[in-house]
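Commentary on secondary and tertiary structure
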Amino acid sequence: MTTAVCPGSFDPITNGHLDIVTRATRHFDEVIVLVTGNPTKTSGLFTIDERVDLIREVTADNPKVRVDHWGGLLVDYTTAHHITALVKGLRSSLDYEYELPMAQMNRRLSGVDTYFLLTDEKYGYISSSLTKEVAKYGGDITGLVPDIVREAIAKKFG
Ligand code: PNS
């Protein structure tokens, strides 16, 4: 059985993330969406548990997806679970510059390979941080995140 990990902070998951996760399940038997970060830290809009719950809800219809969280080095998680593949989305050359050293470091540390999927052009400009900023000032984020996530963001901003 082939398994890949899709790691990220997912604060919160966007439609761009979801598209990458869904496409990854066409290439691997199982995809673990791994929310990274320290559960005791309160930075971010959503707690780690809230992020995990939102991802579980929006991927519930895909039996190939599992959701987990991890507060340590990513490669410690993949090595402990005998996972040899990471999947990440690339929106632009900026993402490439950010991702390349992490992919190389992770490979040096553990031998894990990183597979990059190019973001669908519909989602190329979407990020969690931009979505939160637009929502914070009352802008419409319909279509940028799943509806459940849009409602959860609206609750956070009152
Ligand atoms: O969604 P993000 O914030 O771009 O994801 C970055 C993430 C979470 C994949 C990266 O920060 C990470 O792997 N963090 C876990 C700690 C770790 O292993 N750091 C060394 C990376 S080379």
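Here's a quick rundown of the structure. As the structure is a computational prediction, the values presented were derived from the model and not from experiment. (Residues numbered from 1 in each chain as written. Predicted model: local features only at pLDDT ≥ 70, side-chain atom pairs only at ≥ 80, totals over all residues. Heavy atoms only, no water.)

This part is about the pattern of salt bridges. Scanning all chains against the criterion turns up ten salt bridges. Across the salt bridge formed by arginine 23 and aspartate 19, the nearest N and O atoms sit 3.0 Å from each other. With a gap of four residues between them, arginine 23 and aspartate 19 both fall in helix H1 (residues 15–24), about one helical turn apart. Aspartate 147 is the salt-bridge partner of arginine 150, the closest N and O atoms lying 3.1 Å from each other. Taken as a pair, arginine 150 and aspartate 147 lie in helix H6 (residues 147–156) at a separation of three residues, close to a single helical turn. Relative accessible area serves as the criterion here: at 26%, arginine 150 is assigned to the partly exposed category. Taken together, the salt bridges that share partners define one network made up of Asp11, Arg51 and Lys132. (Salt bridge = Lys/Arg side-chain N within 4 Å of Asp/Glu carboxyl O. Helix = DSSP H or I, 4+ residues; strand = E, 2+ residues; numbered from the N terminus. Buried < 20%, exposed > 50% of the residue type's maximum accessible area, 1.4 Å probe, protein only.)

Quick look at the site of the ligand now. Taken together, Gly8, Ser9, Thr36, Gly72, Leu73, Leu74, Lys88, Tyr98, Met102, Met105 and Asn106 are the residues near the ligand. Tyrosine 98 is positioned with one of its side-chain polar atoms (N or O) 3.2 Å from an oxygen atom of the ligand. Here the ligand, which alone exposes 540 Å², has 71% of that area covered by the protein. Per-element tally for the shell around the ligand: the top contributor is helix H4 (residues 93–110), with four residues. Here the shell around the ligand is composed, by residue class, of five nonpolar, five polar and one charged. (Near = heavy atom within 4 Å. Polar contact = N/O pair within 3.5 Å; in protein donor to acceptor, adjacent residues only side chain to side chain. Areas by Shrake-Rupley, 256 points an atom, 1.4 Å probe, with all protein chains shown as cover. Nonpolar A, V, L, I, M, F, W, Y, C, P; charged D, E, K, R; others polar.)

Time to look at the nonpolar core. Within the largest apolar cluster, 33 residues are counted, with the highest numbers of intra-cluster contacts made by Ile13, Ile55, Val87, Val149 and Ile153. Contributions of two or more residues to this core are made by strand E1 (3–8), H1, strand E2 (30–36), helix H2 (48–58), strand E3 (65–70), strand E4 (85–90) and H6. Here this core takes five residues from H2, the largest share from any one element. Aside from chain neighbours lying at most four places away, what touches valine 149 is Pro12, Ile13, Leu54 and Val58. Of all hydrophobic cores here, the second largest spans nine residues; its members include Ile32, Val75, Ile83 and Val112. (Core = buried A, V, L, I, M, F, W, Y, C linked by side-chain atoms within 4.5 Å. Contact = heavy atoms within 4.5 Å.)

Right, let's talk about the side chain of aspartate 95 for a bit. Within the secondary structure, aspartate 95 is located in helix H4. A relative accessible area of 11% places aspartate 95 in the buried class. With residues up to four places along the chain from it excluded, the contact list for aspartate 95 reads Gly89 and Leu90.

With six of its seven residues buried, E2 lies for the most part within the structure. Sheet topology places E1 next to E2; six bridges connect them, and they run parallel. Along E2, the bridge assignment pairs threonine 3 with glutamate 30. Two strands pair when backbone bridges link them, and E2 and E3 are joined in this way by six bridges, in the parallel orientation. Along E3, the bridge assignment pairs threonine 36 with tryptophan 70. (Pairing = 2+ DSSP bridges.)

Purely spatial values, then, with no claim about function.
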